[in-house]
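In case you want the letters, here they are:
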Amino acid sequence: MTFFNSIKLFGSNWDKVWKLFLYYLFVWGVTICLLLPVFFEFSDVIKTNIQETSIVSSYATIFQHSFGGYLNSLFVLIYSTFLECASLNVGLVIYGLIVLFILMPFLLNIGKYAICEMLYGYMASKNKIGFFSAFFKTLNKSVLYSLCKTLYSLLFFALTTYLVFLLGMVENTYFQTYFLALCEIIILAVLFTLNKVTTACWAPASIVFGSSVAAAYIRGVKVVFRRFWKTLPVALIIFLLFFLLTFIAGVYSLVITVPLVAVLLCMFDMTTFFTSQGMRFYVNKTTILTPKKLEEVDNINKAKYIL
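Our subject in this report is the structure included herewith. In this text the structure is predicted, and so the values were computed from the model without any measurement. (Residues numbered from 1 in each chain as written. Predicted model: local features only at pLDDT ≥ 70, side-chain atom pairs only at ≥ 80, totals over all residues. Heavy atoms only, no water.)

With 70 residues, the main nonpolar core has Tyr23, Leu119 and Met123 as its most contacted residues. Residue contributions to this core peak at 12 residues, all from helix 5 (residues 90–125). One finds Val38, Phe42, Val45 and Leu92 within the second-largest nonpolar core, a separate group that totals 6 residues. (Core = buried A, V, L, I, M, F, W, Y, C linked by side-chain atoms within 4.5 Å. Buried < 20%, exposed > 50% of the residue type's maximum accessible area, 1.4 Å probe, protein only. Helix = DSSP H or I, 4+ residues; strand = E, 2+ residues; numbered from the N terminus.)

Structure below.
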């Protein structure tokens, strides 16, 4: 039910989708500008390696040959280019990694926190809150939350990157042809799901209870684990569909799919929190959902987790 309620909430809050989309475009624009020195410094290396591997020309024929083989060539290209760039200017490489994996997620998480604030107003009392109003209202809390979540998620991203490249560079034609793409999708979906279920109710707990970042994380984990086996499959389905679509449609589809999935996940977070807490909420203009209260779903051994 959490998945379908999130979809219903998504359909009745379409305005939040394009607002977050515009914010994402702004953040991506800032990121690209900050990465320009990296691009200009290593553009010759990148162009040379791409030409030598013929990775662009092979893209047009990947479905006629081996998609897994193309992925293997792509991973080898990225890895070798990274090592070559690091040997030329390691400081600039580190700068690029910080911008890409710390600064950009930090800014994106601030925007998602504002969306959760807007959703709280709608779900609790059907109030419409503007994006900039929510953004600046929560800025004192969202900055610290975003920093902590970014550093926390960095561990998952590092592990994900390691496993993805480890599998992607396996030199086995049979594995590349039949299993590589599937394994990559599963690894990405599973690790992103584990990251999501441990942080899903972090922002909602901070917003609803006004807790500190540390207290909100603890509360959020307790809320998620109250419905863990219902939350886990839903998050896994969302990420499987997302990565499957990305593999099929290509990297360029991320410009559209990332903001859409980001908003859907915000709604998933808020729906999970409200449902687990037994809190009534609007799913659209005319429908109020009434989940079972905590006393109805928690047994005596779990009573100590009631918030």
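Take the pattern of salt bridges next. Per the stated rule, a full pass over the model turns up 5 salt bridges. Notably, a salt bridge pairs Lys137 with Glu117, separated by 3.2 Å at the nearest N-O pair. With Lys137 in helix 6 (residues 131–137) and Glu117 in helix 5, this residue pair connects regions lying 20 residues apart in the sequence. Among the residues examined, Lys137 registers a relative accessible area of 56% and is labelled exposed. Residue Glu117 is classed as buried on the basis of its relative accessible area, which comes to 8%. Here Lys196 ties to Asp269 by a salt bridge, and the two come within 3.1 Å at their closest N and O atoms. Of this pair, Lys196 sits in helix 9 (residues 180–199) while Asp269 sits in helix 13 (residues 254–277), placing them 73 residues apart in sequence. Residue Lys196 is classed as buried on the basis of its relative accessible area of 8%. A residue is classified by how much of its surface remains accessible, and Asp269, at 5% relative accessible area, is buried. In the salt-bridge network here, residues are joined through shared partners; they are Asp15, Lys16, Lys19 and Lys128. (Salt bridge = Lys/Arg side-chain N within 4 Å of Asp/Glu carboxyl O.)

All right, on to helix 12 (residues 228–249) then. The first and last C-alpha atoms of helix 12 sit 31 Å apart over 22 residues, in line with the 32 Å expected at 1.5 Å per residue. Residues Phe228, Thr231, Leu232, Val234, Ala235, Ile238, Phe239, Phe242, Phe243, Thr246 and Phe247 constitute the buried set of helix 12. Directly after helix 12, the chain includes Gly250, whose backbone phi takes a positive value near 100°. (Expected span 1.5 Å × (residues − 1).)

The next subject is helix 10 (residues 202–209). Within helix 10, 7 of the 8 residues are buried, which leaves the element mostly enclosed by the surrounding structure. Buried residues of helix 10: Trp202, Ala203, Pro204, Ala205, Ser206, Ile207 and Val208, and no others. Close packing links the buried residues of helix 10 with helix 5, helix 7 (139–168), helix 9, helix 11 (213–226) and helix 13. Two residues or fewer after helix 10 comes Gly210, characterised by a positive phi angle close to 65°. (Contact = heavy atoms within 4.5 Å.)

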